[in-house]
Amino acid sequence: MIQSVKSIPAFDNKQQYATIEADISAAVLEVLASGRYIGGPAVNAFERAFAAYHNLTECIACNSGTDALYLALRAFDIGAGDEVITTPFTFIATSEVVSAVGAKPVFVDVDANTYNLNIQQVAAAITPKTKAIIPVHLFGQPVDMTALMKLAKQHNIKIIEDCAQSTGATWGGEKVGSIGDIGCFSFYPTKNLGGCGDGGAIATNNPEIAARMRVIKNHGQSDQYHYSEIGVNSRLDCIQAVILQIKLRYLDNWNTKRRAIASRYHQFLSKISGIITPQELTGGEGVWNQYTIRILDGKREEVRQKLQEQGVNTMIYYPMPLHLQPIYQDLGYKLGQLPIAEELSKEVTSLPMFPELSEEQQDQVIYAVKEVIN
Ligand SMILES: *Cc1c(COP(=O)(O)O)cnc(C)c1O
């Protein structure tokens, strides 16, 4: 390890915090002094701002992106006997909630260039039991929502968008999360709109479904201390709400910076043999929660090690596709059944990506990748 090399983290949010510290501390102190920490005007105001950002009428804040997905499935009465089609190349939360409501996750393969659901494979997996599809806009790249919505309408299937990594991305000029029936968002600190703790939200234009989700997230309470169904406790607290409302004002600017970094990475790395850089579909504008390349020829570990020696820290999202996880053994998937997802899990490496990554740091990453690969 060369001592003079400056280490670049895969992710950093301290710099970003420094730029908005004054606003955030004032807002947090105001909440603390108010004595109101749960619900009320602060949460309502964030919900309105987040709905408006998506050009939607309804937003329900909740405790996490996982809860958002869970509440969406519950609101559509998806449960035992139902099937939900999704990608095996995602964070566990996407399929975990399907299992949690008693339904069966059906995994189909992904596209090697976008890492997102292969829509033809989705079509082939539809059965009379299919109630919903959960497209994941992985790493901030929008799924081809035109093709997916067409399929959903033909078969009368609900689309629950997992936008945990893609707040602000667009497909056909529309924000992801506003195209399907329900959009589910996470405010986990590493996401594009990240809070200072856990948080999530659901957005929709359907007032009945929204009302149902409000009941379920509040213990199934229909009237005070009267319960119409078994619910959960899932809240966004007031401190997170005021922080997220401030950060929402900067989101587009931060996403623009991520896009500029991605396009620079693309410019200098896309022609190198031995790696494959991610592609953006025409019609989509990604927000690059991650910039994830494929390292070919079984060289991933070696390359990552050498990159680290040059100060470039990388991450692997995700090392094992969900259909091969021990928890899903009973679903009966075999090794080789979803080959693209399996191959990606052996090749993918996410390069440093956050809006404050300086040009100098970007150059260091680009230079290191070029040198290590050659
Ligand atoms: C982060 C994430 C979630 C879950 O969000 P939490 O807020 O951590 O519960 C769901 N799906 C995807 C794709 C994610 O990246």
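As named in an unreviewed UniProt entry, the protein chain is Cys/Met metabolism pyridoxal-phosphate-dependent enzyme, taken from Brunnivagina elsteri CCALA 953. Regarding the protein chain, the UniProt comment filed under Sequence similarities (unreviewed entry) reads as follows: "Belongs to the DegT/DnrJ/EryC1 family."

J.: Summarise the nonpolar core; cite the residues concerned and give the values.
T.: By size, the foremost hydrophobic cluster in this structure holds 28 residues, and its most contacted members are Phe 46, Phe 50, Phe 187, Leu 193 and Leu 248. Taken together, the elements giving at least two residues each to this core come down to helix 1 (14-34), helix 2 (41-53), strand 1 (58-62), strand 9 (200-204) and helix 8 (238-248). Filtering out sequence-adjacent residues up to four positions away, Phe 46 remains in contact with Phe 187, Leu 236, Ala 241, Leu 244, Gln 245 and Leu 248. Counting residues in each nonpolar core, the second largest holds 26 residues, with Cys 62, Leu 73, Ala 75 and Ala 103 among its members.

J.: Tell me what's going on with the site of the ligand, and back it up with residues and numbers.
T.: Near the ligand lie 14 residues; those nearest to it are Thr 66, Asp 162, Gln 165, Ser 186 and Lys 191. Contact distances for the ligand include 2.6 Å between an oxygen atom and a side-chain N or O atom of Lys 191. Protein contacts shield 93% of the accessible area of the ligand, which totals 380 Å² for the unbound molecule. Contributing elements (two or more residues each) for the shell around the ligand: helix 3 (65-75) and helix 4 (93-100).

J.: Tell me about the domain arrangement of the protein chain, residues and numbers included.
T.: According to the domain assignment, the protein chain contains domain 1 (15-248) and domain 2 (251-373). Computed over C-alpha atoms only, the centres of domain 1 and domain 2 are separated by 24 Å. At the junction of the two partners, domain 1 supplies 46 residues and domain 2 supplies 41 residues. Taken over both partners, the interface formed by domain 1 and domain 2 buries close to 3600 Å², and the fraction arising from carbon and sulfur atoms is 59%. Across the contact surface, domain 1 and domain 2 share 0 salt bridges. On the surface where domain 1 and domain 2 come into contact, there are 24 residue pairs in polar contact (both at pLDDT 80 or more).

J.: Residues and numbers for helix 12 (residues 359-373), please.
T.: An ideal rise of 1.5 Å per residue puts 21 Å on 15 residues; helix 12 measures up with 21 Å between its terminal C-alpha atoms. Those residues of helix 12 that sit buried are Gln 361, Gln 362, Val 365, Ile 366, Ala 368, Val 369 and Val 372. In an axial view of helix 12, the angular spread of the buried residues amounts to 165°, which keeps them on one side of the axis. Opposite its buried face, helix 12 presents the exposed residues Glu 359, Glu 360 and Tyr 367, each directed more than 90 degrees away. Buried-residue contacts for helix 12 involve helix 9 (251-269), strand 12 (275-276), helix 10 (300-309) and strand 15 (348-351).

J.: Explain the packing of aromatic side chains residue by residue, including any values.
T.: Taken as a whole, this structure holds 14 aromatic pairs when the rule is applied. Of the aromatic side chains, those joined through ring pairs into one cluster are Phe 89, Tyr 115, Phe 139, Tyr 317 and Tyr 318. Note that Lys 175 overlies the ring of Tyr 53, its terminal NZ or CZ placed 3.9 Å from the centroid.

J.: Describe in detail the state of the cysteines, supporting the description with residues and values.
T.: In the structure shown here, the tally under the stated rule is 0 disulfides. The closest cysteine sulfur to the non-disulfide-bonded Cys 184 is located on Cys 163, 7.1 Å from its own sulfur. Of the cysteine sulfurs around Cys 238, a residue in no disulfide, the closest is that of Cys 59, at 14 Å.

J.: Could you give an account of the UniProt feature "active site" (unreviewed entry) in the protein chain, naming the residues involved and the relevant values?
T.: Within this numbering scheme, the UniProt entry marks Lys 191 as carrying the feature "active site" (unreviewed entry). Its location among the elements puts Lys 191 in the loop between strand 8 (182-186) and strand 9. If we ignore the near neighbours within four places in the chain, the residues touching Lys 191 are Ala 164, Gln 165, Ser 186, Arg 258 and Asn 289.

Conventions adopted
Each chain has its residues counted from 1, following the order in which its sequence is written. pLDDT decides what is reported in this predicted model: residues at 70 or higher carry local features, side-chain atom pairs at 80 or more are listed and counted, and totals for whole chains, interfaces and linings draw on all residues regardless. Side-chain descriptors were evaluated using all non-hydrogen atoms of the structure, hydrogens and water having been removed beforehand. UniProt positions are given in the numbering used here, feature names are shortened, and annotations may be inferred rather than shown by experiment. Among buried residues, those of type Ala, Val, Leu, Ile, Met, Phe, Trp, Tyr and Cys that are joined through side-chain atoms within 4.5 Å constitute a nonpolar core. Throughout this description, buried means an accessible area under 20% of the type-specific maximum (1.4 Å probe, protein chains only), exposed means over 50%, and partly exposed covers the range between. Secondary structure elements follow DSSP: runs of H or I of four or more residues count as helices, runs of E of two or more count as strands, with numbering from the N terminus. Between two residues, a contact is recorded if the distance between any of their heavy atoms is within 4.5 Å. A single heavy atom is enough: if one lies within 4 Å of a molecule or strand, its residue is considered near that molecule or strand. Contacts described as polar in this section are N or O atom pairs within 3.5 Å, which, within protein, must combine one atom able to donate a hydrogen with one able to accept it, while residues neighboring in sequence count only if both atoms come from side chains. Throughout, the Shrake-Rupley method with a 1.4 Å probe supplies accessible areas, and for residues the shown protein chains are the sole cover considered. Domain segmentation is taken from an automatic or database assignment of domains. What gets called buried area is simply the loss in accessible area from a 1.4 Å probe that two parts show on being joined, summed for both. We define a salt bridge as a side-chain nitrogen of Lys or Arg found within 4 Å of a carboxyl oxygen belonging to Asp or Glu. Here, expected helix span is obtained from the residue count minus one, scaled by 1.5 Å. Of all possible arcs, the one meant is that of the directions from the helix axis to the C-beta atoms. Working definition: a ring pair exists when centres of Phe, Tyr or Trp rings (six-membered ring for Trp) sit within 6.5 Å. Plane angles under 30 degrees give stacked, over 60 give edge-to-face, the rest tilted. In this scheme, the term charge over a ring applies when either NZ of a lysine or CZ of an arginine sits within 6 Å of the ring centre and within 35 degrees of the ring normal. The disulfide criterion used throughout: a pair of cysteine sulfur atoms within 2.5 Å.

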